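What the coordinates show
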Amino acid sequence: MRRFLDKHIVLLTLIPVLAVMIMIFRFSSQTGEESGALSDRITVFVISAVRPDYDALDAAGQALVFGRVSHLVRKAAHFSEFAALGFFLLGHFRALGCKTALRRPALWALAVGVLYAVSDEFHQGFVGGRSPGLVDVAIDSAGVCCGILVMALLLALLLRRKDKTA
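Quick caveat: nothing in here was measured; it's all calculated off a predicted structure.

When you line up the elements, Gly67 lands in helix H3 (residues 59-99). The class of Gly67 is partly exposed, set by a relative accessible area of 37%. Here the alpha-carbon distance between Gly67 and Thr43, two residues 24 residues apart in the chain, equals 9.0 Å.

Encoded structure:
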């Protein structure tokens, strides 16, 4: 089993990268109405968890709370999708670096993640009811950075643990 993993690690680390990219592409392919309906369902769930007094608010108060939470839900979705991408990209480029002379896997992961964020926003410009935004590119890029950081910390902890047991 270990030989199989060593032999195919680059391919095995590419699979989650492609899966996340496909997921992001599919979410970005939703029309504004479809995307809004999905985020509205999540917003209702979040509001019920954090604002038990929501139903007691007047219509204007409910609209204000709903709008703010909906905005946060949508931006958190952008951030988390791209954090997952950054996480898996670093794992892939680390594996690729072990098999090739690739240097600075974190910079490669960042570059690919940010380019994918830009292409994602460009793609949204062609979807009905959606529009590209530089703020979303920045949020996506911050997500990529966070995912890379989490993977780097995880790998450092695993290597440190391995060194202690060796």
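Back to the write-up after that little detour.
Membership of the largest hydrophobic core comes to 15 residues, with the highest contact counts inside it found for Ile24, Phe82, Leu85, Leu89, Ala109 and Tyr116. At the level of elements, helix H1 (2-29), H3, helix H4 (105-124) and helix H5 (134-165) are the ones that each hand at least two residues to this core. In terms of residues, this core owes the most to one element, H3, which gives five residues. What Ala109 contacts, discounting residues up to four positions off in sequence, is Leu89, Leu90, Phe93, Val144 and Ile148. With five residues, the next largest nonpolar core counts Ile47, Tyr54, Val65 and Val69 among its residues.

This part takes up H5. The α-helix advances 3.6 residues per turn, and as a result positions three or four apart in sequence lie on the same side. Spanning 32 residues, H5 covers 47 Å between terminal C-alpha atoms, matching the ideal 46 Å at 1.5 Å per step. Those residues of H5 that fall on the buried side of the exposure criterion are Asp136, Val137, Ile139, Asp140, Ser141, Gly143, Val144, Gly147, Ile148 and Met151.

Close contact between H4 and H5 brings their axes to 9 Å; oriented N to C, the two are set at 150°. Looking at the two axes, H4 sits roughly antiparallel to H5. H5 is crossed by H4, and the crossing has right-handed handedness. Residue-level contacts link Ala106, Ala109, Leu110, Gly113, Val114, Ala117, Val118, Asp120 and Glu121 of H4 to Asp136, Val137, Asp140, Ser141, Val144, Cys145 and Ile148 of H5. Per-class residue counts for the contact of H4 with H5 are ten nonpolar, two polar and four charged.

Turning to the pattern of salt bridges, a few remarks are in order. Evaluated as defined, the whole model comprises two salt bridges. A salt bridge links Arg51 to Asp53; the shortest N-O distance between them is 2.9 Å. Arg51 sits in the partly exposed class, given a relative accessible area of 29%. A salt bridge links Asp136 to Lys75, with the nearest nitrogen and oxygen atoms 2.6 Å apart. Taken as a pair, Asp136 in helix H5 and Lys75 in helix H3 lie far apart in primary sequence, 61 residues in all.

What follows deals with the packing of aromatic side chains. Scanning all chains against the criterion turns up four aromatic pairs. With centroids separated by 5.0 Å and ring planes inclined at 75°, the aromatic side chains of Phe122 and Phe126 adopt a geometry described as edge-to-face.

Thresholds, definitions, all that
Residues numbered from 1 in each chain as written. Predicted model: local features only at pLDDT ≥ 70, side-chain atom pairs only at ≥ 80, totals over all residues. Heavy atoms only, no water. Helix = DSSP H or I, 4+ residues; strand = E, 2+ residues; numbered from the N terminus. Buried < 20%, exposed > 50% of the residue type's maximum accessible area, 1.4 Å probe, protein only. Core = buried A, V, L, I, M, F, W, Y, C linked by side-chain atoms within 4.5 Å. Contact = heavy atoms within 4.5 Å. Expected span 1.5 Å × (residues − 1). Axes fitted to C-alpha atoms, helices over the stretch in contact; angles between N-to-C directions. Parallel < 35°, antiparallel > 145°, perpendicular 65-115°, else oblique. Left-handed = near helix turned anticlockwise from the far one by under 90°. Nonpolar A, V, L, I, M, F, W, Y, C, P; charged D, E, K, R; others polar. Salt bridge = Lys/Arg side-chain N within 4 Å of Asp/Glu carboxyl O. Phe/Tyr/Trp six-rings, centres within 6.5 Å; stacked < 30°, edge-to-face > 60°.

Interpretation in functional terms is not warranted from these geometric data alone.
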